[in-house]
Number of protein chains: 2
Amino acid sequence: MPATQVDLVREYLIDLQKRITTEIAKADGGSFVPDRWKRGKGELLQGDGITMILEDGAIMERAGCGFSHVVGGKLPPSATQNRPNLVGAAFEALGVSLVFHPRNPYAPTVHMNVRMMTAIPEKGAPEFWFGGGMDLTPYYGFEEDAVHFHSVCKASLDPFGAELYPRFKTWCDEYFCLKHRNEQRGIGGIFFDDFSELGFDGSFAMLSSVGDAFLDAYLPILNIRKDTPYGERERSFQLYRRGRYVEFNLVWDRGTHFGLQSGGRVESILLSMPPLASWAYERKPKSGTPEDDLYQKFLVRKDWI
Amino acid sequence: MPATQVDLVREYLIDLQKRITTEIAKADGGSFVPDRWKRGKGELLQGDGITMILEDGAIMERAGCGFSHVVGGKLPPSATQNRPNLVGAAFEALGVSLVFHPRNPYAPTVHMNVRMMTAIPEKGAPEFWFGGGMDLTPYYGFEEDAVHFHSVCKASLDPFGAELYPRFKTWCDEYFCLKHRNEQRGIGGIFFDDFSELGFDGSFAMLSSVGDAFLDAYLPILNIRKDTPYGERERSFQLYRRGRYVEFNLVWDRGTHFGLQSGGRVESILLSMPPLASWAYERKPKSGTPEDDLYQKFLVRKDWI
């Protein structure tokens, strides 16, 4: 992996983080606080990052967007499921990851991640691959929002192969599933990993296309929903459903779980946590309510486009 | 394992659940709602249980106390770390587990668990062992509460050997540690597993002594703290610290994590979740405040007695 290629990706990611946080801050009226960090010798992972966080904003109750670029001596087994030959290899990982939790229960939570890994096995040539995606988690479902989100995801992938969207859409449905409840996290989106089949240039172009599509996918939805009037009922349901977000991330998300158990930077990893979440015993909405609709019509695997 | 011994333990556990929920309900003024469940053929685990839950009470914001008694065909590796010969054996597990989250931030959250496992290996005689303990998680620390809680724990174990309390106290400190933050969950208590060294009668007597001690350990503390005046500051800190409780249970707790991944009864396993919890970036209390005292003087491994 020539250093110039890593530099290219790094440059793209830092710019993407800046573009996204600038636009979201504009929509909110507040601003992201940057926290630049560096981890040196003596730490499990060395590298640097920029954590951007907007808390208690007018629109965003908690919005975190982190860039990180780390190198490590030993690739963990959880980092790639499909390349067992690389377990234990020296590696480099860089990416942007975000989760935005708006305050208004009619505005959905969103997650996006774009990343590149490189690894240098003891025998053989260096390898690289890309991963990431984005997915939407509404508290109140709107079919037109789901269609819009998926359409933008699809459009970002179509130039690189018509088979990519259906493949990554299915992958997303399978990944963002709370298996202990047999329940989808949200209405899905796209998810991919171990991607290098278009070579460096083509694969990086695809990754960039996904990253560039994020604001188009999410901002229009946020703008339509953010001022919807709501009361205690909607707020209570939102907090309860946010508990599911916590369950997914802490129990099932490979990155979160591995990061916490292996000495990653805790506050950056937990940017995804909601500002407030609730749990209640056997809470089930009455049939025919909008809350029940969420479970019946939106938290299911289906073709939105 | 004679069936009569399992019956004895079952009878004790059901009575213990009843005694504890009766006293806590009396203190609260509300009542626990019982949910009797049964899992039959076709499920991964067969058996029955009684889930008792008190939500939105005057004193208890969420208090769950569950009894369960299940049999399974294959003992999971996470069920016992010290008996690899039993992995995959048919097993029977019964226990009472509780977590009480009071509303008042000056009243601590508490957890208690008493359980017995039996396993029938393919070769060799059936084996049994006991496990459990209790631990206290204050939001505002009071040395006299910690001393009282630990003293009652110690007194419950001393008749069975003076070495048990120090051994189980250390085990508790090691177990209830958020390793990703290098932070204790609370002021500890006692924790043990794989315990059968006093034979069935002696070990069961010890387990019962621990179970019986729970109300003595917790109720006086609850009664002293439950009416302490508090405002937004204390409530906010409580919700933030409850986020740590979620992190521990979903990321580190063997029982919770295994249960969720292996098809256990979700709503019973998640009785431990707080009714409301919050997350915030790099929230650190100012030096010298009671909130800082919690970290400096209470969330540390120390000898309380």
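Each remark here, short or long, concerns the structure printed above.
The rules we used
- Residues numbered from 1 in each chain as written.
- Chains lettered and ligands numbered in written order.
- Predicted model: local features only at pLDDT ≥ 70, side-chain atom pairs only at ≥ 80, totals over all residues.
- Heavy atoms only, no water.
- Contact = heavy atoms within 4.5 Å.
- Buried area = accessible area lost by both parts, 1.4 Å probe.
- Salt bridge = Lys/Arg side-chain N within 4 Å of Asp/Glu carboxyl O.
- Polar contact = N/O pair within 3.5 Å; in protein donor to acceptor, adjacent residues only side chain to side chain.
- Helix = DSSP H or I, 4+ residues; strand = E, 2+ residues; numbered from the N terminus.
- Nonpolar A, V, L, I, M, F, W, Y, C, P; charged D, E, K, R; others polar.
- Pairing = 2+ DSSP bridges.
- Axes fitted to C-alpha atoms, helices over the stretch in contact; angles between N-to-C directions.
- Buried < 20%, exposed > 50% of the residue type's maximum accessible area, 1.4 Å probe, protein only.
- Parallel < 35°, antiparallel > 145°, perpendicular 65-115°, else oblique.
- Left-handed = near helix turned anticlockwise from the far one by under 90°.

Asker: Please explain the interface of chain A and chain B as it appears in this structure.
Answerer: As a measure of interface size, the accessible area lost when the parts come together is often cited. Contact with chain A, which involves 32 residues of that partner, is made by 32 residues of chain B. Taken over both partners, the interface formed by chain A and chain B buries close to 2,900 Å², and the fraction arising from carbon and sulfur atoms is 62%. Sorting the residues of chain A by area buried against chain B places E267, W279 and Y281 of chain A first, and these three jointly supply 28% of that buried surface. Summed over the shared surface of chain A and chain B, the result is 4 salt bridges. In this structure, R265 of chain A engages E282 of chain B in a salt bridge whose closest nitrogen and oxygen atoms are separated by 3.2 Å. At the surface where chain A touches chain B, the tally comes to 15 residue pairs in polar contact (both at pLDDT 80 or more). Secondary-structure elements contributing two or more residues to the side of chain A that touches chain B are strand 2 (46-55), helix 5 (232-252), helix 6 (254-261), helix 7 (266-269) and strand 10 (276-278) of chain A. The leading source of residues in the side of chain A that touches chain B is helix 5 of chain A, at 7 residues. Residues belonging to the side of chain A that touches chain B are distributed by class as follows: 19 nonpolar, 5 polar and 8 charged.

Asker: How should I be thinking about the sheet that holds strand 9 (residues 188-195) of chain A in this particular structure?
Answerer: Sheets are built from strands that pair by backbone hydrogen bonding, the pairs being arranged parallel or antiparallel. Residues and elements named next belong to chain A. Read from one edge of the open sheet, 7 strands run 1-2-3-4-5-6-9, paired in antiparallel fashion. The two strands at the open ends of the sheet, each matched to only one other strand, are strand 1 (33-39) and strand 9. Each neighbouring strand pair of the sheet contributes to a mean axis angle of 5°, computed without reference to strand direction. When strand 6 (residues 127-137) meets strand 9, the two strands line up antiparallel, connected through 6 bridges. When the bridges of strand 9 are listed, G132 appears paired with F192. On top of the sheet, helix 5 reaches strand 3 (60-72), strand 4 (90-102), strand 5 (109-120) and strand 6; it is set at about 165° to strand 4, its chief contact.

Asker: So what exactly am I meant to see when it comes to the pairing of strand 5 (residues 109-120) of chain B here?
Answerer: Where a strand is regular, its side chains alternate between the two sheet faces. Counting buried residues in strand 5 of chain B gives 10 out of 12 residues, a clear majority hidden from the surface. Two successive antiparallel strands, strand 4 (residues 90-102) of chain B and strand 5 of chain B, enclose a turn made up of 6 residues.

Asker: Hey, could you run me through the side chain of H150 of chain B in this one?
Answerer: As for its placement among the helices and strands, H150 of chain B is situated in helix 2 (residues 143-157). Accessibility expressed as a relative area gives 0% for H150 of chain B, which makes it buried.

Asker: Would you mind showing me how to read the packing of helix 2 (residues 143-157) of chain A against helix 3 (residues 164-175) of chain A here?
Answerer: Residues and elements named next belong to chain A. Two elements in contact, helix 2 and helix 3, have axes separated by 9 Å at closest approach and are oriented at 130°. The orientation of helix 2 relative to helix 3 falls into the category oblique. In terms of crossing hand, the pair formed by helix 2 and helix 3 is right-handed. The segment helix 2 lies against helix 3, with H150, C153, K154 and L157 engaging L164, Y165, F168 and K169. Its residues assigned to classes, the contact of helix 2 with helix 3 comprises 5 nonpolar, 1 polar and 2 charged.

Asker: Help me understand the pairing of strand 4 of chain A in this model?
Answerer: All names here are of chain A. Buried residues dominate strand 4, accounting for 10 of its 13 residues. Pairing of strand 3 with strand 4 involves 12 bridges; the strand directions are antiparallel. Its bridge partner being in strand 4, F67 is matched across the sheet by V96. As defined by bridge partners, strand 4 adjoins strand 5 across 11 bridges and the pair is classed as antiparallel. Bridging from a neighbouring strand, F91 pairs with A119 of strand 5.

Asker: Can you help me understand the pattern of salt bridges in this one?
Answerer: Two side chains that carry opposite charge are able to pair once their charged atoms sit near each other. Under the defined criterion, the tally for this structure stands at 52 salt bridges over all chains. Residue R242 of chain A pairs with E61 of chain A through a salt bridge whose shortest N-O separation is 2.9 Å. Of this pair, R242 of chain A sits in helix 5 while E61 of chain A sits in strand 3, and the two are 181 residues apart along the sequence. With a relative accessible area of 0%, R242 of chain A lands in the buried category. When the shortest N-O distance is used, the salt bridge between R225 of chain B and E144 of chain B registers 3.4 Å. Here R225 of chain B, found in helix 4 (residues 199-225), pairs with E144 of chain B, found in helix 2; they are 81 residues apart in sequence, far enough to count as distant. One salt-bridge network, held together by shared partners, links D35 and R265 of chain A together with E282 and K284 of chain B.

Note that every value here comes from positions in space, so none of it alone points to a role or purpose.
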